[in-house]
Amino acid sequence: MQSLNLPVCAPPADFATEAWVFIRVIDNFGDVGVGWRLSCLLAEFLCLRVRLWIDDVGALDRLVPERAVYQAQIVVEVWQDDEAVVQRQLADVTDPVLVIETFGCDLPPAVLARMAECRPLWLNWEYLTAEDWAVDLHAMPSLQANGLAKYFWFMGIDAASGGLLREADYVAERAAFLQQPGLQQAFRQRYGLPLRHNGRLWLVFAYAAVCWPQWMLMWQQADTPITLWLAGGQVIDSLRAAQVIAPDALQQDGDVLVLDKLTLVRIPFVPQAAFDRLLWLADAAIVRGEDSFVRALWAGLPFFWHIYQQDDEVHIHKLHAFWNRATAGWPVGLREAFMALSDDLNGTGSLDGSGRVRAWQNLCASWQIWVKLAAVWSEMLHAQDSALEKLARFSHLPLK
Ligand SMILES: Cc1cn([C@H]2C[C@H](O)[C@@H](COP(=O)(O)OP(=O)(O)O[C@H]3O[C@@H](C)[C@H](O)[C@@H](O)[C@H]3O)O2)c(=O)[nH]c1=O
């Protein structure tokens, strides 16, 4: 199991150096997913003890059921909307050298007052985007009412952006897993994942959407067999709502449904530390949100992005900004098929039933090229500094 590496330069037991990370869980697993991963990496790369303030510990427990293992490095504080409680929590804690509010989650007044005294580096950790404006705004300060500057940290794929979250041992972990069938078998058994599959294996972790019945039809009508590992439940909910599957189908983890050449498998929710392994076992993926998107990038496999919907089509700009960059050098036929399907998946574009099947067949006809291009893109990103390496430079905190 991938796990937090104990920092080699482990500070003494009383940890003089502390970072505070604040998370508000809005919905889904994105806020807690990024916030927890960031906390682990602060401990791993910068040898900081992290005090993680979170308003929904239940969401964290779902993602990190084994979190007690990390308690020496990551102390979890329940963040309540009660200033008196926050004041009490602050009474016994060390001053932080770094405070990160994730996704503009607005810090409590008592914390802002404490920061005015101890003057830590203050970051707002922003959503991921490949848009140019985010690169321009990355690391820009904004003067706040408590007299401190707050810096905006924009994760991104551009070398001048805030980078992407990546573990130091990621590549070694992936190689070890892929080279050892025994590890793969043990992983499948542990989570009740089928040992074999029919055709190409896709991991599908996506949102509920009206496109799913149409995509199921597309897969059934295509020439090639395909197996979908359905994670997270929302795609299954959409299929059930559209009466594409019977009310009692795919109810339990491990349930399988075969529809012609299409095999659907409901898979369990795994701890975040195991999520990468689902991607490593798959030939391709549909991912959603931000964290699973970045994990698919690291895995280096072909994938679609079912992006989190925002008002005013903001998400479509984000989607296009990323794929316009990533697919710039692709062969025209592959790029057109991919872009048409990507738009269709995200509720825009103009494919009808036969156009969808044709696009899918064109994509499959260029499969090996797609696999290669996805790997090349991933390697290019692996060669860039990660977000934590960039943060170490920016903050002058020592890197492990
Ligand atoms: C399927 C699965 C996911 N995961 C993890 C991987 C990720 O860390 C996390 C999912 O997070 P995301 O991919 O970001 O998708 P999400 O849809 O859950 O989160 C979203 O939340 C919104 C509030 C944000 O604004 C969105 O941009 C997005 O981040 O769940 C597991 O740990 N086990 C699992 O079995």
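Bear in mind the structure is a predicted one, so any value in this text is a computation, not a measurement.

So, how was this worked out
- Residues numbered from 1 in each chain as written.
- Predicted model: local features only at pLDDT ≥ 70, side-chain atom pairs only at ≥ 80, totals over all residues.
- Heavy atoms only, no water.
- Core = buried A, V, L, I, M, F, W, Y, C linked by side-chain atoms within 4.5 Å.
- Buried < 20%, exposed > 50% of the residue type's maximum accessible area, 1.4 Å probe, protein only.
- Helix = DSSP H or I, 4+ residues; strand = E, 2+ residues; numbered from the N terminus.
- Domains from an automatic or database assignment.
- Contact = heavy atoms within 4.5 Å.
- Buried area = accessible area lost by both parts, 1.4 Å probe.
- Salt bridge = Lys/Arg side-chain N within 4 Å of Asp/Glu carboxyl O.
- Polar contact = N/O pair within 3.5 Å; in protein donor to acceptor, adjacent residues only side chain to side chain.
- Near = heavy atom within 4 Å.
- Areas by Shrake-Rupley, 256 points an atom, 1.4 Å probe, with all protein chains shown as cover.
- Nonpolar A, V, L, I, M, F, W, Y, C, P; charged D, E, K, R; others polar.

**A word on the nonpolar core**
Here is step 1: In this structure, L42, W125, W202, W212, W219, F304 and W360 are the most contacted members of the largest nonpolar core, which totals 122 residues.
Here is step 2: At ten residues, helix α1 (residues 30–46) tops the list of elements feeding residues into this core.
Here is step 3: In terms of domain composition, this core takes at least three residues from each of domain 1 (18–163) and domain 2 (170–382).
Here is step 4: The next biggest cluster of nonpolar side chains, apart from the first, holds 15 residues, and it includes F22, W53, L90 and V93.

**Overview of the domain arrangement of the protein**
Accessible area lost upon the coming together of the parts serves often as the stated size of an interface.
Here is step 1: Domain annotation of the protein identifies domain 1 (18–163) and domain 2 (170–382).
Here is step 2: In this complex, domain 1 contributes 20 residues to the contact, which on the side of domain 2 involves 21 residues.
Here is step 3: Summed over both partners, the interface of domain 1 with domain 2 comes to about 1,900 Å²; 56% of that surface belongs to carbon and sulfur atoms.
Here is step 4: Considering only the surface of domain 1 that becomes buried against domain 2, R37, L128 and I157 emerge as the three largest contributors, covering 37% of it.
Here is step 5: Scanning the region where domain 1 abuts domain 2 turns up two salt bridges.
Here is step 6: When the shortest N-O distance is used, the salt bridge between R37 and D291 registers 2.9 Å.
Here is step 7: Between the two partners, domain 1 and domain 2, sit five residue pairs in polar contact (both at pLDDT 80 or more).
Here is step 8: Elements represented by at least two residues in the side of domain 1 that touches domain 2 include exactly α1 and α2 (57–63).

**With respect to the site of the ligand**
Here is step 1: Around the ligand there are 22 residues in total, and F29, Y207, V270, D291 and S292 lie nearest to it.
Here is step 2: Taking Q272, its side chain carries an N or O atom lying 2.9 Å from an oxygen atom of the ligand.
Here is step 3: R288 has a polar side-chain atom sitting 2.8 Å from an oxygen atom of the ligand.
Here is step 4: Protein contacts shield 97% of the accessible area of the ligand, which totals 710 Å² for the unbound molecule.
Here is step 5: Contributing elements (two or more residues each) for the shell around the ligand: α1, α10 (272–281) and α11 (291–299).
Here is step 6: Sort the elements by how many residues they give to the shell around the ligand and α1 lands first, with three residues.
Here is step 7: Grouping the amino acids of the shell around the ligand by side-chain chemistry returns eleven nonpolar, six polar and five charged.

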